[in-house]
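Spelled out, the chains give:
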Amino acid sequence: MEMIATKLVSYLDTDKTMWNDIERLQMILGMQVLLHNIIMMGTLLIIARLTGMFQEAVILLAAYGVLKIAAGGIHFKRSFACLLATETFVTSGILISRHLHMRLAHIILIYIVCLAILAVIGPQGTENNPISEENFGKLKRMAIWIISVYLILTIVMAIYMKHIPYLLFIAVVFETLSLLPSYLKNRRH
């Protein structure tokens, strides 16, 4: 992907006057991230479409992605490992949501436990994407707010629509679990 990103950036600035060397490297990195996300999301959604899980995959990926931006957590160094782990998460999350039948009180309790865990150990940066001191508090508040919104949506939908949005619940539980490896690794250092 690095080679494709480098070629795209070179194509955008053929005479090398648009960016200095540092800006060019930032553009290449940004292009790599963009390409990775397009390829990964495209692959995940094609697989979801082929397996009859498209709508659920979109909801789960969106709910999880929004929370992951704020809370951080585990990241893989290789694109293929990331793709495989995310596909496993999406597929298993959807299958679990289709067969999950829990009382609303238990779901609320688990949401509260996840909020407490996040309040204590979140957010978690990684080696390649550390969280700065000035962003830490903001990201923590944002993650707590997102989980609270998911909890309120779950309660409202359960009471008024007689439907529990298990995909939101699964996104919160999986994201909370994804914080633990980073927390343990960061704690040792």
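Residues numbered from 1 in each chain as written. Predicted model: local features only at pLDDT ≥ 70, side-chain atom pairs only at ≥ 80, totals over all residues. Heavy atoms only, no water.

Chemist: Would you mind showing me how to read the packing of aromatic side chains here?
Modeler: To describe a pair of aromatic rings, you give the distance between the ring centres and the angle between the ring planes. Going through the model one piece at a time under the given rule, you end up with three aromatic pairs. Here the aromatic rings of Phe-89 and Phe-174 are separated by 4.7 Å at their centres, their planes lie at 50 degrees, and the arrangement is tilted. Of this pair, Phe-89 sits in helix α4 (residues 79-99) while Phe-174 sits in helix α7 (residues 166-188), and the two are 85 residues apart along the sequence. Phe-174 sits in the partly exposed class, given a relative accessible area of 24%. These aromatic residues form a ring-pair network of at least three members: Tyr-64, Phe-89 and Phe-174. Looking at Arg-49, its charged tip hangs above the ring of Phe-54, at a distance of 5.8 Å from the centre. (Phe/Tyr/Trp six-rings, centres within 6.5 Å; stacked < 30°, edge-to-face > 60°. Helix = DSSP H or I, 4+ residues; strand = E, 2+ residues; numbered from the N terminus. Buried < 20%, exposed > 50% of the residue type's maximum accessible area, 1.4 Å probe, protein only. Lys NZ or Arg CZ within 6 Å of the ring centre and 35° of its normal.)

Chemist: Would you take a moment to explain the confidence of the model for the protein for this structure?
Modeler: It should be kept in mind that the predicted coordinates are not to be read in detail where pLDDT is low. Predicted confidence across the protein gives a mean pLDDT of 89, with 99% of residues reaching 70 or more. Across the protein, helix α5 (residues 104-121) holds the top mean pLDDT of 95, while helix α1 (residues 2-12) sits lowest at 80. (pLDDT = per-residue confidence, 0-100.)

Chemist: Please explain the side chain of Arg-24 as it appears in this structure.
Modeler: Tracing the backbone shows Arg-24 in helix α2 (residues 21-50). What Arg-24 contacts, discounting residues up to four positions off in sequence, is Val-9, Ser-10, Asp-13, Lys-16 and Trp-19. (Contact = heavy atoms within 4.5 Å.)

Chemist: I'm lost on the environment of Gly-72 in this one. Help?
Modeler: If you trace the backbone, Gly-72 turns up in the loop between α3 (54-71) and α4. Residue Gly-72 is classed as buried on the basis of its relative accessible area, which comes to 11%. As a C-alpha pair, Gly-72 and Pro-130 span 58 residues in sequence and 9.2 Å in three-dimensional space. The contacts of Gly-72, once residues within four sequence positions are left out, are Leu-67, Gln-124, Glu-175, Ser-178 and Leu-179.

Chemist: What's the story with α7 in this structure? I'm lost.
Modeler: Helical geometry: 3.6 residues make up each α-helical turn, so side chains three or four residues apart lie on a common side. With 23 residues, α7 should cover 33 Å at 1.5 Å per step; its first-to-last C-alpha distance of 34 Å lies within 8% of that length. For α7, every residue scored as buried is listed here: Tyr-166, Leu-167, Leu-168, Phe-169, Ile-170, Ala-171, Val-172, Glu-175, Thr-176, Ser-178, Leu-179 and Ser-182. Residues of α7 that are buried make contact with α3, α4, α5 and α6 (133-160). (Expected span 1.5 Å × (residues − 1).)

Chemist: Honestly, the pattern of salt bridges in this entry has me stumped. Any pointers?
Modeler: Two side chains that carry opposite charge are able to pair once their charged atoms sit near each other. Applying the stated criterion across every chain, the model contains two salt bridges. Close ionic contact of Glu-56 with Arg-98 constitutes a salt bridge, the shortest N to O distance being 2.7 Å. Of the two residues, Glu-56 sits in helix α3 while Arg-98 sits in helix α4, which places them 42 residues apart along the sequence. Using a relative accessible area of 38% as the deciding quantity, one classes Arg-98 as partly exposed. Salt-bridge contacts for Lys-68 lead to Glu-175; the nearest nitrogen and oxygen are separated by 3.4 Å. Of this pair, Lys-68 sits in helix α3 while Glu-175 sits in helix α7, and the two are 107 residues apart along the sequence. (Salt bridge = Lys/Arg side-chain N within 4 Å of Asp/Glu carboxyl O.)

Chemist: What am I meant to see in the environment of Ala-119 here?
Modeler: For Ala-119, the location among the structural elements is in helix α5. Separated by 81 residues in sequence, Ala-119 and Ile-38 place their C-alpha atoms 31 Å apart. Ignoring anything within four residues of it in the chain, the contact list for Ala-119 reads Lys-140 and Ile-144.

Chemist: Before we go on, may I ask you to explain the nonpolar core in this structure?
Modeler: As a rule of thumb, soluble globular proteins bury nonpolar side chains together. Core analysis: the biggest nonpolar cluster contains 38 residues, and Leu-60, Ile-94, Tyr-111, Ile-147, Tyr-150 and Val-172 have the highest contact counts within it. Of all elements in the fold, only α2, α3, α4, α5, α6 and α7 reach the threshold of two or more residues within this core. If we ignore the near neighbours within four places in the chain, the residues touching Tyr-150 are Ala-62, Ala-63, Val-66, Leu-67, Tyr-111, Leu-168 and Val-172. One finds Val-9, Trp-19, Ile-28 and Leu-35 within the second-largest nonpolar core, a separate group that totals six residues. (Core = buried A, V, L, I, M, F, W, Y, C linked by side-chain atoms within 4.5 Å.)

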